[in-house]
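Take a look at the letters that make up each chain.
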Amino acid sequence: MTERYSRQQLFQPVGNKGQQQIRSKHVLVVGAGALGSASAEALVRAGIGKLTLVDRDYVEWSNLQRQQLYTEQDAQNKLPKAVAAKNRLRQINTEVKIEALVMDAQPANLESIVQTADVIIDATDNFDIRFILNDLSHKYEVPWIYGSCVGSYGATYTIIPNVTPCLHCILKKMPVGGATCETAGIISPAVQIVAAYQITEALKILVEDVEALRHTFLTFDVWNNQHAEFKTGKMKSDKCSSCGSTQTYPYLAYENQLKTEVLCGRETVQIRPSQRHLYNFDELEKRLKKQGKVDRNPYLLSCQLPEQRFVIFQDGRVFIHGTNDIQFARSLYYRLLG
Ligand SMILES: [Zn+2]
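Numbering of residues starts from 1 in each chain and follows the order in which that chain's sequence is written. Where totals are concerned, whole chains, interfaces and linings use all residues; where local detail is concerned, this predicted model gives features only for residues with pLDDT of at least 70, and gives and counts side-chain atom pairs only at 80 or more. Hydrogens are left out, water is left out, and the side-chain values use all remaining heavy atoms of the structure.

J.: Before we go on, may I ask you to explain the sheet that holds strand S14 (residues 318-321) in this structure?
T.: Pairing between the strands of a sheet is mediated by backbone hydrogen bonds and can be parallel or antiparallel. What the six strands build is an open sheet, ordered S9-S10-S14-S13-S12-S11; its pairing is antiparallel. Strands at the two margins of the open sheet, each flanked by one partner only, are strand S9 (260-262) and strand S11 (293-296). Along the sheet, successive strands turn relative to each other by an average axial angle of 15°, direction set aside. For two strands to be treated as a pair, DSSP must find no fewer than two bridges joining them. Only DSSP runs of H or I covering at least 4 residues are called helices, and only runs of E covering at least 2 are called strands; the numbering of each starts at the N terminus. Axis lines are fitted to C-alpha atoms, over the contacting stretch for helices. Their N-to-C directions set the angle, which ranges from 0 to 180 degrees.

J.: Looking at this structure, how should I read the coordination of the zinc ion?
T.: Ideal donor angles around a metal are set by the shape: a four-donor tetrahedron calls for 109.5 degrees, a six-donor octahedron for 90 or 180 degrees. Coordination here is defined by N, O and S atoms within 2.8 Å of the metal (3.2 Å for Na, K and Ca), and since water is not considered, a site can look incomplete. Here the zinc ion is held by the protein donor atoms Cys-166 (SG), Cys-169 (SG), Cys-240 (SG) and Cys-243 (SG), which lie 2.2 to 2.3 Å from it. When four donors show all angles between 85 and 135 degrees the site is tetrahedral, when four or six donors have opposite pairs over 155 degrees and all other angles between 65 and 115 it is square planar or octahedral respectively, and in every other case it is irregular. Bound by four donor atoms, the zinc ion shows angles of 97 to 122° at the metal and therefore tetrahedral coordination geometry. When the donors of the zinc ion are listed by position in the chain, the intervening gaps give C-x2-C-x70-C-x2-C. In this pair, Cys-169 sits in helix H8 (residues 167-173) while Cys-240 sits in the loop between strand S8 (226-231) and S9, placing the two residues 71 residues apart along the sequence.

J.: Any chance you could explain the sheet that holds S8 here in plain terms?
T.: In spatial order, the strands read S3-S2-S1-S4-S5-S6-S7-S8; together these eight strands make up an open sheet with mixed pairing. Two strands in the sheet have a free side with no partner beyond their single neighbour: strand S3 (97-102) and S8. Across the sheet, the mean angle separating the axes of adjacent strands is 15° when strand polarity is ignored. Taken together, the four bridges between strand S1 (residues 26-30) and strand S4 (residues 119-122) define a ladder with parallel strand orientation.

J.: Help me understand the nonpolar core, please; the structure alone is not making it clear to me.
T.: Proteins that are soluble and globular tend to have nonpolar side chains buried together. In this description, a nonpolar core means a group of buried Ala, Val, Leu, Ile, Met, Phe, Trp, Tyr and Cys residues linked to one another through side-chain atoms lying within 4.5 Å. Type-normalised accessible area, obtained with a 1.4 Å probe on protein chains alone, sets the label of each residue: buried when under 20%, exposed when over 50%, and partly exposed for intermediate values. One finds Val-27, Ile-48, Leu-51, Leu-53 and Leu-89 to be the most contacted residues of the largest nonpolar core, which totals 45 residues. Sorting the residues of this core by element identifies S1, helix H3 (34-46), strand S2 (50-55), helix H5 (81-92), S4, strand S5 (144-150), helix H10 (188-206) and strand S7 (216-221) as the ones contributing at least two each. Here this core takes eight residues from H10, the largest share from any one element.

J.: Hey, could you run me through the environment of Gly-31 in this one?
T.: Mapped onto the fold, Gly-31 is located in the loop between S1 and H3. For Gly-31, a relative accessible area of 9% corresponds to the buried category. Placed 92 residues apart in sequence, Gly-31 and Ala-123 show a C-alpha to C-alpha distance of 4.8 Å. Here, two residues are considered to be in contact whenever any of their heavy atoms come within 4.5 Å of each other. Contact partners of Gly-31, with chain neighbours within four places excluded, come to Gly-36, Leu-53, Val-54, Asp-55 and Ala-123.

J.: Sorry if this is basic, but what is going on with the side chain of His-138 here?
T.: Following the sequence through the fold, His-138 ends up in helix H7 (residues 127-140). Here a polar contact means two N or O atoms within 3.5 Å. Within protein one must be a hydrogen donor candidate and the other an acceptor candidate, and residues neighboring in sequence count only if both atoms are side-chain atoms. Within polar-contact distance, the side chain of His-138 engages the backbone oxygen of Asn-134 at 2.7 Å. Apart from the residues within four sequence positions on either side, His-138 is in contact with Ile-159, Pro-161, Asn-162, Cys-166, Ser-242, Cys-243, Gln-247 and Tyr-249.

J.: I keep staring at the packing of H3 against H5 and nothing clicks. Help me out?
T.: Two numbers describe a pair of packed helices, the interaxial angle and the distance between the axes. At a closest axis distance of 10 Å, the pairing of H3 and H5 adopts a crossing angle of 30°. With respect to H5, the element H3 is oriented roughly parallel. Seen from above, H3 lies across H5 with right-handed handedness. Taken together, the residues of H5 that come into contact with H3 (itself represented by Ala-40, Glu-41, Val-44 and Arg-45) are Arg-88, Leu-89 and Ile-92. Of the residues that constitute the contact of H3 with H5, the class distribution is four nonpolar, no polar and three charged. Working definition: roughly parallel below 35 degrees, roughly antiparallel above 145 degrees, roughly perpendicular at 65 to 115 degrees, and oblique for all remaining angles. Throughout, a crossing is termed right-handed when the near helix is turned clockwise from the far one, and left-handed when it is turned anticlockwise from it by less than a right angle. We call Asp, Glu, Lys and Arg charged. Ala, Val, Leu, Ile, Met, Phe, Trp, Tyr, Cys and Pro are nonpolar, and the rest, Gly among them, are polar.

J.: Explain the packing of aromatic side chains to me, please; I cannot follow it from the model alone.
T.: Each pair of aromatic rings taken from Phe, Tyr and Trp, with Trp reduced to its six-membered ring, is defined by centres within 6.5 Å and is described as stacked if the planes are under 30 degrees apart, edge-to-face if over 60, and tilted in the remaining cases. On inspection of all chains with the given rule, the structure shows nine aromatic pairs. Between Phe-127 and Phe-131, the ring centres sit 6.2 Å apart and the planes meet at 45°, which makes this aromatic pair tilted. Taken as a pair, Phe-127 and Phe-131 lie in helix H7 at a separation of four residues, close to a single helical turn. The class for Phe-131 is buried, based on a relative accessible area of 13%. Relative to Tyr-146, the ring of Trp-144 has its centre 6.5 Å away and its plane inclined at 90°; by these criteria the two rings are edge-to-face. For Trp-144, a relative accessible area of 0% gives the class buried. Members of the aromatic cluster, connected to one another through ring pairs, are Phe-127, Phe-131, Trp-144, Tyr-146, Tyr-157, Phe-217 and Tyr-251. Our definition puts a charge over a ring when NZ of Lys or CZ of Arg is within 6 Å of the ring centre and also within 35 degrees of the ring normal. Stacked on the ring of Phe-127, the Lys or Arg Arg-130 has its end atom at 4.7 Å from the ring centre. A cation over an aromatic ring shows up here: Arg-317 above the ring of Phe-313, its NZ or CZ 4.3 Å from the ring centre.

J.: Quick question: what am I supposed to make of the pattern of salt bridges here?
T.: Two side chains of opposite charge can pair, provided their charged atoms sit close to one another. One side-chain nitrogen of Lys or Arg within 4 Å of one carboxyl oxygen of Asp or Glu is enough to make a salt bridge. Considering all chains together, one arrives at 17 salt bridges under this definition. In this structure, Glu-41 engages Arg-45 in a salt bridge whose closest nitrogen and oxygen atoms are separated by 3.0 Å. One end of the pair is Glu-41 and the other is Arg-45, both in helix H3 and four residues apart, which spans about a single turn. Taking the relative accessible area as the measure of exposure, Glu-41 reaches 14% and is therefore buried. For Arg-45, a relative accessible area of 42% corresponds to the partly exposed category.

J.: Which parts of the structure should I look at to understand the environment of Tyr-70?
T.: Topologically, Tyr-70 is positioned in the loop between S2 and helix H4 (72-76). The spatial distance from the C-alpha of Tyr-70 to the C-alpha of Val-194 is 19 Å, given a sequence separation of 124 residues. A distance of 3.4 Å separates a polar atom in the side chain of Tyr-70 from the backbone oxygen of Lys-81.

As structure tokens, this is what we get:
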């Protein structure tokens, strides 16, 4: 028994064998915001073999209240979350292989990663990506763990392909609210509770303790002292196109429709070029300086216009902050970068 993981190994359901299993496994965490930070840190401390962390955003001041991997320096430098997270996680445990990817969670980007993953943790903030994860999970038979939180409310559910109903089945029977962190705010304990359930379910999967998995959809409101669990067994539909008898994975075909999208409750439009587009930041800086103040780091360049702010990533994606209007954002994009 190594000293490092001794307390975890003394926990009987893990034991020496479980620790070896944890050490040999690969976890994919999609999203490196509040939930992703919490899960990534716990799993890296627990000694998983490999972590892949995917995120498209960069660190902002409003993140620091709950996104535990990030510092003021990261917000100052507008570091991509995946990069800042990797820096911190490396300091925590050098034994874990950490792959941090600054990119959109899209089928084409995730497909090869999912194939080698043992479990996927949902730490995203929107249902477009969750439905993609749901389909990828079923296509490659990799379990995934849904998690969401807003205000003091949280929800989580563990999806085992071909065993449990999938997200698609469940959401047909259960309404989901439209509130986002930006409209309803969020307190960090709501995040920590959801993450704690997700991490625990992930550990059960990693040590292959299938019996211990929770088969309910769990929700809570920690401020208003509410807790509820719903049995989901009967929600599974044989007609479901993601998990039923004929699986067509409809959400994996949506790739090309998501080129321009409004980011969840953020007054921000993301534009993704149809092909990977590498900008020359030196040239771009010269050009954009005429329009407004330009800031840059090795991963992104931002330009403050009078009303909007442009952030251009190395992979070609552009955030236009300060608008929810896709047409307007596109015209601005073509005027400045096209
Ligand atoms: Zn289903």
